[in-house]
Amino acid sequence: MRLQGVDVAVIGAGPAGMAAAIRAKEAGAQRVLLVERQEELGGLLHQCIHNGFGLLYFGEDLTGPEYAKRFIDRVYDLGVETLLETTVLEISPERGIRVINKGGLQSFRPKAVVLAMGCRERTRDQLGIPGGRPAGIFTAGTAQRLVNVEGLLPGRRVVILGSGDVGMIMARRLTLEGARVEAVVEILPYVGGLIRNEVQCLHDFDIPLLLEHTVTEVHGERHLEGVTVAKVDPHRRPIPGTEIQIECDTLLLSVGLIPENELSRRAGVELDPLTGGPTVDQWRETTVPGVFAGGNVLHVHDLVDNCSWEAELAAEGAVRFAKGERTEGREICLRPGRNVRYVVPQRIRGEGPVTLFLRVREMEEGMRVRVGDLWQKRFRVVKPSEQIKVELSPKDLRRLPDGVAEIRVECEVAG
Amino acid sequence: MAWLQTEVLIIGGGVLGAAVARELSRYRVEAALLEREPDLGWGSTKANMCIVCQGADALEFRPEYKRSRLVWESIPMMEPLCRELGVPFKRIGELTLIRNNEERAKYQKLKTRAEKVGFTGLRFVGRDELFAMEPHVSREAVGALYNPDIAVVDPVRLTIALAESARRNGVEVHLETEVLGIERSGEEFLVETNRGEVRCRFIVNAAGVYVDRVARFLNADEFVLYPVKGFIGILDKDLGHLVSHEIHMRPEAPGEMNIVVPSVYGNLFFGVVLRLGRKGDNSTTKEMADTALRNLRKVLPGVSEGDVIHTFAGFMMFRNWELGWHECVVEASRKVPRFVNVSIGYPGVSAAPATAKEVLRLLEKEGLRLQEDPSFEPRLEAPPSFVDLPPEEQQSLIERDPRYGHVVCRCETVTEGEIVEAIRRGANTLDGVKFRTRAGMGRCQGGYCTPRVIKILARELGIPETEVTKKGKGSELLPLRSKELLG
Ligand SMILES: Cc1cc2nc3c(=O)[nH]c(=O)nc-3n(C[C@H](O)[C@H](O)[C@H](O)COP(=O)(O)OP(=O)(O)OC[C@H]3O[C@@H](n4cnc5c(N)ncnc54)[C@H](O)[C@@H]3O)c2cc1C
Ligand SMILES: Cc1cc2nc3c(=O)[nH]c(=O)nc-3n(C[C@H](O)[C@H](O)[C@H](O)COP(=O)(O)OP(=O)(O)OC[C@H]3O[C@@H](n4cnc5c(N)ncnc54)[C@H](O)[C@@H]3O)c2cc1C
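Since the structure is predicted, the reported quantities are computational estimates derived from the model, not experimental observations.

What counts and what doesn't
- Residues numbered from 1 in each chain as written.
- Chains lettered and ligands numbered in written order.
- Predicted model: local features only at pLDDT ≥ 70, side-chain atom pairs only at ≥ 80, totals over all residues.
- Heavy atoms only, no water.
- Domains from an automatic or database assignment.
- Buried area = accessible area lost by both parts, 1.4 Å probe.
- Salt bridge = Lys/Arg side-chain N within 4 Å of Asp/Glu carboxyl O.
- Polar contact = N/O pair within 3.5 Å; in protein donor to acceptor, adjacent residues only side chain to side chain.
- Helix = DSSP H or I, 4+ residues; strand = E, 2+ residues; numbered from the N terminus.
- Nonpolar A, V, L, I, M, F, W, Y, C, P; charged D, E, K, R; others polar.
- Axes fitted to C-alpha atoms, helices over the stretch in contact; angles between N-to-C directions.
- Left-handed = near helix turned anticlockwise from the far one by under 90°.
- Contact = heavy atoms within 4.5 Å.
- Pairing = 2+ DSSP bridges.
- Near = heavy atom within 4 Å.
- Areas by Shrake-Rupley, 256 points an atom, 1.4 Å probe, with all protein chains shown as cover.

Quick word on the domain arrangement of chain B
All names here are of chain B.
Now for step 1: For chain B, the assigned domains are domain 1 (1-88 + 152-225 + 321-382), domain 2 (89-151 + 226-318) and domain 3 (386-477).
Now for step 2: Domain 1 and domain 2 are separated by 28 Å when their C-alpha centres are compared.
Now for step 3: For the pair domain 1 and domain 2, the summed buried surface comes to about 3,500 Å²; carbon and sulfur atoms form 71% of the total.
Now for step 4: Remark: the boundary between domain 1 and domain 2 carries two salt bridges.
Now for step 5: A salt bridge links Glu79 to Arg91, with the shortest nitrogen-to-oxygen separation between them at 2.8 Å.
Now for step 6: Where domain 1 touches domain 2, the interface holds eight residue pairs in polar contact (both at pLDDT 80 or more).
Now for step 7: Taken together, the elements giving at least two residues each to the side of domain 1 that touches domain 2 come down to strand 4 (51-52), helix 2 (66-85) and strand 9 (151-153).
Now for step 8: When residues of the side of domain 1 that touches domain 2 are assigned to their parent elements, the largest contribution, five residues, is made by helix 2.
Now for step 9: Of the residues in the side of domain 1 that touches domain 2, the class split is 23 nonpolar, eight polar and nine charged.

Here's what the structure looks like:
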């Protein structure tokens with residue numbers, strides 16, 4: 001394939017990348033190239049055989065593969081060019097892209113780039129769980145792929161650490177496969193994932209949920225034989241004397257996702273330590289001109305639908321950039337304030353509209369979330385596991401007094 | 001009938017056993033090496049800081065000990081050996097941080113002693129020079145003792161290459177073969193293994209942590225060894241730039257070393273927390289992890305828990321733990337003729353080249369006839385390491401075999417071609433592939449590549465995926481098929 005003369009190159013073909021490629025084409029880009037290292041388009045969606053996708057985007061309840069199918073069809077209908085089984089090895093600060101596949105190595109320089117590489121899972125070592133190094137310990141997402149795509153099961157008796165969505169979904173999946181899930185162990189006083197998953201995946205299947213507990217040690221040299229679980233104090237430290245032993249042959253970890261930004265970092269893209277993703281403006285343009293980002297590579301979303309939407313914003317920005325349009329105007333920073341863990345985008349430039357995502361640090365009840373004086377809304381309860389999406393119109397933005405350089409995004413007690 | 005008949009039997013495929021095998025393969029002598037694990041170098045050799053003493057850093061070893069002699073004699077041999085075998089070797093230099101006058105005096109003494117023994121190259125660097133060399137180390141340091149010679153290797157790859165070279169030069173190498181007992185019968189040893197009986201005339205016992213257990217089969221354990229567990233952590237590659245030399249800080253407590261060292265692959269290793277332990281229990285503890293991290297932060301204050309991508313522990317055998325100092329066991333048994341025990345403790349990797357030669361001298365003394373083999377081929381072609389090649393070579397590799405164009409491990413950029421080659425050369429487990437290719441060693445710790453490597457292993461070995469193991473029998477990764485539990 002001739003790679004010279006590409007207008008918009010999209011890296012990664014998950015729900016974000018596919019949506020970006022489609023929108024870029026729709027917005028008038030001549031040549032859009034979608035690069036994906038796996039054998040097929042779809043990213044993580046293929047292993048998500050459960051439902052719950054597309055409720056917002058399509059107003060329908062779809063499985064992961066069904067959701068993917070709609071985008072895949074559209075990708076091909078619109079004539080997006082695809083490079084499968086192709087890994088991007090490097091993106092240079094000048095947008096030079098180096099790819100590798102079975103045909104060899106190639107380099108090219110598109111007019112604009114959308115990063116959509118998704119995320120990876122936190123591992124046992126990042127939690128520092130001591131013990132041996134036996135077989136039988138997997139991250140939940142890896143197990144999901146093994147079970148749902150490869151048709152293989154890790155074991156019969158399972159403990160799941162972390163109540164992220166993937167962990168809860170795997171608890172149900174493995175139960176349906178005939179394995180026994182001994183417990184889902186969560187260090188916080190509430191589950192990490194969506195309430196609907198807590199109900200549908202754990203309660204409906206009578207799977208024990210141990211809140212304010214953690215795994216303090218794994219046992220076994222060759223194969224996992226069991227784990228030690230302890231209760232934690234309010235500072236999340238294990239309380240001595242509360243240890244219990246659970247026999248199991250499998251431990252799944254669902255303890256957080258990390259945006260996959262190795263390529264971005266080497267391209268010189270500035271990363272936000274709060275999200276693990278690039279810092280961007282409302283078009284999701286990073287600090288490297290012409291490089292945009294959307295989906296989980298930018299910040300971890302709870303819902304695929306939002307990944308797709310956000311990536312469309314990035315695609316629109318990329319097309320404008322490819323056409324030579326530049327956003328002028330002063331830059332205003334969005335800064336997380338009280339009980340706000342992060343805000344994306346981190347800066348606004350020029351005109352709206354602005355789609356903003358934020359996450360709180362701690363669960364609180366009776367709260368008001370406000371974006372400076374531009375926007376506010378009351379929430380009965382705010383939770384770290386539930387992303388808050390805010391749409392600011394161009395009119396909202398015009399209300400900003402001149403000379404404002406910073407807007408605080410805060411979660412305050414509703415009076 | 002014996003399953004195997006040979007002149008010299010080497011028990012243990014760690015760096016020392018493999019080095020002895022390679023050394024023997026220079027001569028016209030029948031030899032075999034037995035290793036109980038599915039691959040080479042999985043004992044102490046894989047739980048390692050990867051440092052090779054290459055000069056005055058050997059100064060901490062007291063001249064009167066055999067162990068020191070073996071380390072010193074190995075110094076000029078290590079780099080050429082690695083070059084011959086295509087094993088990564090990198091000279092990085094060492095900075096021993098100095099925080100006060102007391103430390104300065106202590107290192108001045110060591111420096112003087114090293115110079116007396118004949119080492120050169122050591123010098124003190126001041127604050128400014130230190131921070132120019134290493135801008136991220138603790139500002140507590142007022143200077144450092146600089147030793148430009150110290151180097152790092154990949155001990156497991158070295159072991160595999162030594163054994164591979166030995167095999168190509170005629171030594172039999174048998175994996176998953178455990179020695180269960182030894183008897184004497186006239187001039188011969190009858191060695192019981194899980195595969196059958198081995199008959200041989202000479203034995204080199206290089207069983208690492210189990211060197212005493214193997215010696216005990218014949219009451220040839222004329223030494224006492226204490227198993228000392230060492231804890232090591234590895235930091236994310238992104239922090240690889242934090243230091244470029246091995247940094248050493250005087251430990252706060254006995255039983256600790258405080259070292260940060262960049263590996264040949266560019267990520268940082270830190271440790272070592274030492275504790276007396278129970279053999280075979282390679283588990284880490286929170287206490288060890290916390291201590292190691294606390295020590296690390298004294299050297300590199302900016303590092304946090306989340307930067308640690310992997311931790312592990314391994315054993316070394318110390319002859320006298322109480323003194324914090326130990327002699328090695330590289331000697332022919334006084335009670336059993338033609339039986340040589342080999343255990344270095346620390347630093348066995350650094351000492352391997354000279355130790356192998358020493359073992360051959362001992363075998364000769366015990367009556368082994370060594371006649372040089374003119375057909376000995378010292379060179380070994382290393383398996384290609386895709387990321388390290390220049391683009392033109394990468395391209396031609398892909399053209400020869402398109403599987404080199406398929407990246408399987410994204411963190412370390414390992415291709416399918418390399419994995420297939422590793423399996424062809426003997427890897428038959430997930431860990432085997434990992435140690436030979438680095439697939440799964442990066443920041444995602446196999447999250448992405450594990451399902452893919454399992455598939456490739458099953459395909460190349462011609463076994464079902466349910467039989468693929470992490471590290472040999474009993475460590476099956478995915479023992480069941482979907483729906484199998486539903487009856
Ligand atoms: C294990 C897991 C399970 C999940 N389950 C659910 C769920 O059940 N319901 C739900 O709503 N959300 C779920 N999520 C969240 C949701 O799936 C993700 O938010 C969504 O898939 C992210 O979309 P994405 O396009 O950003 O990333 P991905 O879907 O991960 O797509 C990224 C793509 O980029 C490719 N790529 C990465 N690097 C390169 C490179 N260098 N070169 C070429 N290609 C590259 C990858 O192969 C991948 O196909 C899950 C997330 C994870 C991690
Ligand atoms: C934490 C730590 C850090 C270290 N750092 C360094 C360093 O930076 N530099 C350095 O030079 N040294 C270092 N060392 C020391 C070094 O690792 C050892 O000295 C060296 O690896 C010992 O090699 P070996 O071949 O004797 O033992 P091993 O590698 O343990 O090999 C012995 C082999 O024998 C096999 N075996 C045992 N019993 C049987 C049996 N019955 N039948 C068949 N096979 C058997 C085992 O499976 C094993 O593979 C370190 C050690 C530790 C623990």
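What to know about the packing of helix 1 (residues 15-26) of chain A against helix 2 (residues 64-77) of chain A
Residue and element names in this part refer to chain A.
Now for step 1: Where helix 1 meets helix 2, the axes come as close as 10 Å, and the angle between the chain directions of the two elements is 35 degrees. Crossing handedness for the pair helix 1 and helix 2: left-handed. Contacts between helix 1 and helix 2 involve Pro15, Met18, Ala19, Ile22 and Glu26 from the first element and Tyr67, Ala68, Phe71, Ile72, Arg74 and Val75 from the second.
Now for step 2: Residue composition of the contact of helix 1 with helix 2, grouped by class: nine nonpolar, no polar and two charged.

Considerations on the sheet that holds strand 5 (residues 89-91) of chain B
Residue and element names in this part refer to chain B.
Now for step 1: Pairing within the open sheet is antiparallel, and its three strands lie in the order 4-9-5. With partners counted over all chains shown, the strands left at the sheet margins are strand 4 and strand 5, one partner each.
Now for step 2: Bridge count between strand 5 and strand 9: three bridges; the pairing is antiparallel. Residue pairing across strands places Lys90 opposite Val152, the latter belonging to strand 9.
Now for step 3: Helix 2 rests against strand 4, strand 5 and strand 9 of the sheet, and its axis sits at about 140 degrees to strand 5.

Some points on the site of ligand 1
All names here are of chain A.
Now for step 1: In the neighbourhood of ligand 1, 34 residues make up the surrounding shell, with Ala16, Glu36, His50, Val88 and Asn296 lying closest.
Now for step 2: With respect to ligand 1, the side chain of Asn296 contributes an N or O atom lying 2.7 Å from an oxygen atom.
Now for step 3: One nitrogen or oxygen atom from the main chain of Asp302 is found 3.5 Å from an oxygen atom belonging to ligand 1.
Now for step 4: Contact with the protein chains covers 95% of the free accessible surface of ligand 1, which is 990 Å².
Now for step 5: If you list the elements that add at least two residues to the shell around ligand 1, you get helix 1, strand 6 (87-91), helix 4 (140-148), helix 5 (165-176) and helix 8 (304-322).
Now for step 6: When residues of the shell around ligand 1 are sorted by domain, at least three fall in each of domain 1 (1-121 + 257-326) and domain 2 (123-255).

Notes on the sheet that holds strand 25 (residues 354-360) of chain A
All names here are of chain A.
Now for step 1: The strand order across the open sheet built from three strands is 23-25-28, with neighbouring strands paired in antiparallel fashion. Taken across any chain shown, the strands that pair with only one partner, and hence form the sheet edges, are strand 23 (340-344) and strand 28 (388-392). Between one strand axis and the next, the sheet turns through 25 degrees on average, direction left out of account.
Now for step 2: Summarising the sheet, strand 25 and strand 28 pair through five bridges and their orientation is antiparallel. Residue pairing for strand 28: Thr355 is matched across the bridge by Glu391.

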